[in-house]
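# Structural overview
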Amino acid sequence: MKCFNFTASRDWFYRRSFFAAGLRSVTTDLGDGTVMHCWAPKPHRNEPEDRPALVLLHGFGANATWQYGDHLRHLTGRFNVYVPDLLFFGESHTAAPERSEAFQAQCVRRLLAEAHGVRNMSLVGISYGGFVAYSVAAQFPEMVERVVLCCAGVCLEEADMAEGMFRVPDLDEAAVILLPQTPEKLRELMRLSFVKPARGVPSCFLSGFIDVMCTEFVEEKRELIRSILKGRKLSNLPQITQPTLIIWGDQDQIFPLELGYRLKRLLGENAELVIIKNAGHAVNLEKPKEFVKHLKFFLVNSLLSPSSP
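These figures come from a predicted structure and were not determined experimentally. (Residues numbered from 1 in each chain as written. Predicted model: local features only at pLDDT ≥ 70, side-chain atom pairs only at ≥ 80, totals over all residues. Heavy atoms only, no water.)

### Considerations on helix α7 (residues 183–193)
Using the following cut-off: Exposure is judged per residue with a 1.4 Å probe applied to protein chains only, and the accessible area is read against the type maximum: over 50% gives exposed, under 20% gives buried, and values in between give partly exposed. Secondary structure counts use DSSP, requiring at least four H or I residues in a row for a helix and at least two E residues in a row for a strand, with both numbered from the N terminus. Contacts are assigned to residue pairs that have any heavy atoms within 4.5 Å of one another.
Within α7 the residues assigned to the buried category are Pro183, Leu186, Leu189, Met190, Leu192 and Ser193. In this fold, the buried residues of α7 make contact with α6 (171–178), α8 (203–213) and α11 (283–286).

### Quick word on the pairing of strand β7 (residues 144–150)
Side chains on a regular strand alternate between the two faces of the sheet. Rule in force here: Note on pairing: two strands pair once DSSP finds at least 2 bridges between them. Look down the strands so they point away from you; if going from the first strand over the helix to the second traces a clockwise path, that crossover is right-handed.
For β7, a buried count of six out of seven residues is recorded, marking the element as mostly surrounded by other parts of the structure. In the sheet, strand β6 (residues 121–126) pairs with β7 via six bridges, with the strands oriented parallel. Each bridged residue has a counterpart across the sheet, and for Met121 the counterpart in β7 is Val144. For the crossover that starts at β6, traverses helix α4 (residues 128–139) and ends in the parallel β7, the hand is right-handed. Relative to strand β8 (residues 244–249), β7 is paired through four bridges, and the arrangement is parallel. Each bridged residue has a counterpart across the sheet, and for Leu149 the counterpart in β8 is Ile246.

### Let's talk about the pattern of salt bridges
Put simply, the rule reads: Note on definitions: salt bridges are taken to be side-chain nitrogens of Lys or Arg within 4 Å of carboxyl oxygens of Asp or Glu.
All chains considered together, the criterion is met by 11 salt bridges. For Arg109, the salt bridge is made with Glu114, and the minimal N-O distance between the two is 3.8 Å. A relative accessible area of 52% means that Glu114 is categorised as exposed. One salt bridge connects Arg222 with Glu219, and the closest N-O pair in it is separated by 3.2 Å. You can see Arg222 and its partner Glu219 sitting in helix α9 (residues 218–229), three residues apart, about one turn around the helix. Assessed through its relative accessible area of 26%, Arg222 is described here as partly exposed. Judged by its relative accessible area of 36%, Glu219 is partly exposed. Among the ionic contacts, a cluster of salt bridges with common partners joins Asp160, Glu258, Arg262 and Arg265.

### A look at empty space enclosed by the protein
This is how the line gets drawn: A pocket here means an open set of points on a 1 Å grid, computed over the protein atoms alone, that has protein on both sides within 12 Å along at least five of seven lines. A cavity is instead a set of points where a 1.4 Å probe fits but cannot get out; residues with an atom within 4 Å of a point line either one. Grid points are joined across faces, edges and corners, and a volume is the space filled by probe spheres set on the points. Charged residues are taken to be Asp, Glu, Lys and Arg, nonpolar residues to be Ala, Val, Leu, Ile, Met, Phe, Trp, Tyr, Cys and Pro, and polar residues to be all remaining types, Gly included.
For the coordinates displayed, the defined rule picks out one cavity of 30 Å³ or more. In this structure, the largest cavity is lined by Phe60, Gly61, Phe89, Leu178, Leu179, Met213, Cys214 and Lys221. Its residues assigned to classes, the lining of the largest cavity comprises six nonpolar, one polar and one charged.

### Regarding the UniProt feature "domain: AB hydrolase-1" (unreviewed entry) in the chain
Rules: UniProt positions are given in the numbering used here, feature names are shortened, and annotations may be inferred rather than shown by experiment.
The positions UniProt marks with the feature "domain: AB hydrolase-1" (unreviewed entry) are residues 54–293. For residues 54–293, the helix share is 42%, the strand share is 15%, and the end-to-end C-alpha distance is 16 Å.

### Considering unusual backbone geometry
In most cases, non-glycine residues show a negative phi, while peptide bonds are predominantly trans. Of note in this structure, Cys151 is not a glycine but carries a positive phi near 50 degrees. The residue Cys151 is located in the loop between β7 and α5 (158–162) in this model. Residue Cys151 is classed as buried on the basis of its relative accessible area of 0%. In the Ramachandran plot, Asn278 falls in the positive-phi region, its phi being about 55 degrees despite a non-glycine side chain. With respect to the helices and strands, the residue Asn278 is situated in the loop between β9 (271–276) and α11.

See the structure below:
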């Protein structure tokens, strides 16, 4: 119980930090059985409402508040920040059978445009959130000004699995690790995500983390993972045109760095690739200062000199 309470209290702390940063928790029914939750700016009478919108999209693992909790305070001073729960994460879900990142992107656009009145935005996507961010930028280019993709293997192909690019032999094993249901599998995910994972973590703590983070919509999340890879070919991937920052850990074992180079080659001069040394897939958590430094430089400089490359 002590371990479970630690996980739950940490979750409470991050939620409180979002409230303290001027965000509110909003749940929106989009119709057709689709409900999405989002952390959105509180209305302030005495502050300018014309600050640019910045949308932060999370990946698998811990929820959005954990993935962005240490970075939020660096961004809310200059941006109206929105942090949605993607479908089947947090409080978002749908009755629709569609599981593609394209459908996720369409729901994100509807949430932001229809429920929150967002017309233009910059996007940050971590891992799976990067797949969704890329799809938003490709489908709705008129809405998206800049894109940050962190360890997002959008350039992977189905053939990469068979050719041994990944540490797992097939999608089923990948899903078992990305959606851990036992302390042993969570430890394996930590070893793959961090260069220096925490050691000696008690099993009761890991079980508490799983109870809080990993027990809801498990089958639906497996379907999301399958959808990422099934039939995927680089030749079918649209080329986004927005200025793009690609951030990658040099020792990423989930989406190897080769996928970052691939993405840079695809996007050409519109993209900048930043490689953070001694970092794994969870580079936003393992190297938070470097991560937010590059994030701010790319996003804030665009406000100071919008026409600069």
